[in-house]
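A closer look at the structure
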Amino acid sequence: MDINVTLKVWRQNGPNDKGDFKEYQINKVSTDSSFLEMMDMLNNQLIENGEDPIAFDHDCREGICGMCSMYINGRPHGPGDGITTCQLHMRSFKDGDTIYIEPWRATAFPIIKDLMVDRTAFDKIMQAGGFVSVNTGSAQDANNIPVRKEDADEAFKAAACIGCGACVAACKNASAMLFTSAKVSQLALLPQGQTEATERALNMVAEMDAQGFGACTNTGACMAECPKEISLEHIARLNREYMAASLTSRD
Amino acid sequence: MASLKESLTSSVGRKYVMGLTGLFLIVFLLVHLSGNFTLLLKDGTAFNTYAHFMKENLLIKLSEVILFGGFLLHIIQGLMLTAKNKAARAVNYQVAHKHDKVDWTSKAMSALGMILLIFLIIHLYDFFRFKYFVADPQMTADGTMIDLHGIVRHEFSEGGLEGIFHLAVYTLGMAAVSFHLWHGFQSTFQSLGLRHPKYTPFIQGLGKLYAVVVPAAFVAIPYIIKFTAEAH
Ligand code: HEM
Ligand code: SF4
Ligand code: FES
């Protein structure tokens, strides 16, 4: 089936431009096409008309890279739970719908152009401690370090975070707590993560604050909109890790 | 690495302060409520003795300082968090969507806090008015106590605009407490890292029970006084 939709897309010519919605009409969109394919159609239309195409981020188009940041009809990644924008299909919309598209809005994610934002702040949080320092050498025996199955499963669930920033986009405080907690949890639950646990919790939270993200009010909007359905349990774990680290660090 | 000061002013540290003071205030409200029940007695001896004791006892004076400190910390942290959070989303979205998994009370914590702050100022004005300006000279003059019980009951049951005003302020204030704690009760535990699949559903249920029952009990007292007073 084909549908016709009206799009109101946020156009902004750079970080300091004021920006505004611009209206576009796009016809004969297959309901089987993905949201990004619809955006491609629109951009082709714009290029053919000699207009500036809409800048938006995308890469894998299969829900694993986290690039496709779009705030659609008031929700990060649009309607539907546990999906990214590239996993959203036009069958979620009706003929004649008006669809509003905005960029992620957070002080820590400045707008580069149109729907494209700079998420370097997440990289900075990772660089502050989201890793383990090990001498990799040659691969060791798979069962050398026993890990409890339940912990391995929880760590795996935390590691599913793709760093898309929907949690920040959804949160009224533009807080990066869900992201940071997932990145702390995936290591805090495993023996390999213990050595640097104290520094990790302290430094990642400090960097999160330095980047200008807000604090957590426990509204749960992040969890509701996270494409990987990362749980608030990880935020509670981050809070415990952080307090333990604060109380025991030697300075 | 982080000094304790840095830790306590980080976004996680501030939430620990918020959570600890929030929990403290939750417990305080229970103590406050149990005292209020004596207002229901027609005979004022229990309430007046209680009020007198609260005013004179040294340990109570000490706890009063702790209580004010707790409130102050909670309010200051609340205001600072609100400012920080607003700054983190300096430009807001043009189109909003109400997610059915996100309770409105959780998004309104700082607005509800402001209402509570206004209520608290009115409440404390009344409190100190009686404590120092009305109660003091008469309470010490010949050792007899003034009838604070009677004064409070009169405040709520008097006819005309004044009685209605007292009741309305009180009712709105308690509604704000209710909504504040509808989210706040379980939020405290989350802030302190106390979350576990086995216990969290119970804490969430208990929080909603508390948020309804405790403010409702606070509110019921003046209404009971008003309607039983008018009956004769
Ligand atoms: C009877 C009085 C009060 C009680 C029992 C109370 C209780 C609580 C509780 C339990 C929380 C949740 C804490 C957490 O999320 O860790 C909270 C949060 C909050 N309270 Fe209160 N509170 C009271 C008065 C006030 C007042 C007067 C203000 C005024 C500024 C205020 C402002 C806030 C704010 C802004 C938050 C949310 C902070 C955040 O997470 O971003 N509260 N309160
Ligand atoms: S926690 Fe979820 S919403 Fe946030 S960055 Fe990770 S995958 Fe995206
Ligand atoms: S484009 Fe990679 S997750 Fe959507």
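Below, the structure is looked at part by part. (Residues numbered from 1 in each chain as written. Chains lettered and ligands numbered in written order. Predicted model: local features only at pLDDT ≥ 70, side-chain atom pairs only at ≥ 80, totals over all residues. Heavy atoms only, no water.)

Here we come to the interface of chain A and chain B. For interface size, the figure often reported is the accessible area lost on association. Listed by partner, the interface residues are 52 residues for chain A and 39 residues for chain B. Roughly 3,700 Å² is buried in total at the junction of chain A and chain B, and carbon and sulfur atoms are behind 56% of that figure. Taken as a group, A:R105, A:K172 and A:N218 account for 15% of the area that chain A buries against chain B, more than any other trio of residues on that side. At the surface where chain A touches chain B, the tally comes to two salt bridges. Here B:K84 makes a salt bridge to A:D209, at a shortest N to O gap of 3.3 Å. At the junction of chain A and chain B, the tally comes to 28 residue pairs in polar contact (both at pLDDT 80 or more). Mapped by element, the contributors of at least two residues to the side of chain A that touches chain B are β5 (98-102), α4 (166-170), α6 (197-210), α7 (221-225) and α8 (233-248) of chain A. For the side of chain A that touches chain B, a count of residues per class yields 26 nonpolar, 15 polar and eleven charged. (Contact = heavy atoms within 4.5 Å. Buried area = accessible area lost by both parts, 1.4 Å probe. Salt bridge = Lys/Arg side-chain N within 4 Å of Asp/Glu carboxyl O. Polar contact = N/O pair within 3.5 Å; in protein donor to acceptor, adjacent residues only side chain to side chain. Helix = DSSP H or I, 4+ residues; strand = E, 2+ residues; numbered from the N terminus. Nonpolar A, V, L, I, M, F, W, Y, C, P; charged D, E, K, R; others polar.)

Now for unusual backbone geometry. Residues and elements named next belong to chain A. With a phi angle near 50°, N73 is a residue other than glycine that sits in the positive phi range. Residue placement: N73 occurs in the loop between β3 (71-72) and β4 (75-76). Its relative accessible area of 26% is what places N73 among the partly exposed residues. Positive phi, close to 45°, is recorded for A174, a residue that is not glycine. Position of A174 among the secondary structure elements: in the loop between α4 and α5 (177-188). Taking the relative accessible area as the measure of exposure, A174 reaches 0% and is therefore buried. (Buried < 20%, exposed > 50% of the residue type's maximum accessible area, 1.4 Å probe, protein only.)

What surrounds ligand 1 is a group of 26 residues, the closest being B:K15, B:H74, B:H180, B:S187 and B:S191. Residues within reach of ligand 1 are spread across chains A and B. Between ligand 1 and B:K15, the relevant distance is 2.4 Å, taken from an oxygen atom to a side-chain nitrogen or oxygen of the residue. Secondary-structure elements contributing two or more residues to the shell around ligand 1 are α2 (11-36), α4 (58-88), α6 (109-141) and α8 (160-191) of chain B. Per-class residue counts for the shell around ligand 1 are ten nonpolar, 15 polar and one charged. (Near = heavy atom within 4 Å.)

Our next topic: the packing of α2(B) against α8(B). Residues and elements named next belong to chain B. Contact pair α2 / α8: the axes reach a minimum separation of 9 Å and the direction vectors enclose 135°. If you check the angle between α2 and α8, you find them oblique. Crossing of α2 over α8 shows left-handed handedness. Every residue of α8 that contacts α2 at K15, Y16, G19, G22, L23, I26, L29 and N36 is listed here: Y170, V177, L181, F185, S187, T188, F189 and S191. Among the residues making up the contact of α2 with α8, the classes are represented as nine nonpolar, six polar and one charged. (Axes fitted to C-alpha atoms, helices over the stretch in contact; angles between N-to-C directions. Parallel < 35°, antiparallel > 145°, perpendicular 65-115°, else oblique. Left-handed = near helix turned anticlockwise from the far one by under 90°.)

We now examine the pattern of salt bridges. All names here are of chain A. Evaluation of the coordinates by the stated rule reveals 18 salt bridges over all chains. Residue R11 pairs with D114 through a salt bridge whose shortest N-O separation is 3.1 Å. Of the two residues, R11 sits in strand β1 (residues 2-11) while D114 sits in the loop between β6 (111-113) and β7 (116-117), which places them 103 residues apart along the sequence. In this structure, the salt-bridge partner of E102 is R105, at a minimum N-O distance of 3.0 Å. E102 sits in the buried class, given a relative accessible area of 1%. Under the relative-accessibility criterion, R105 is labelled buried at 4%.

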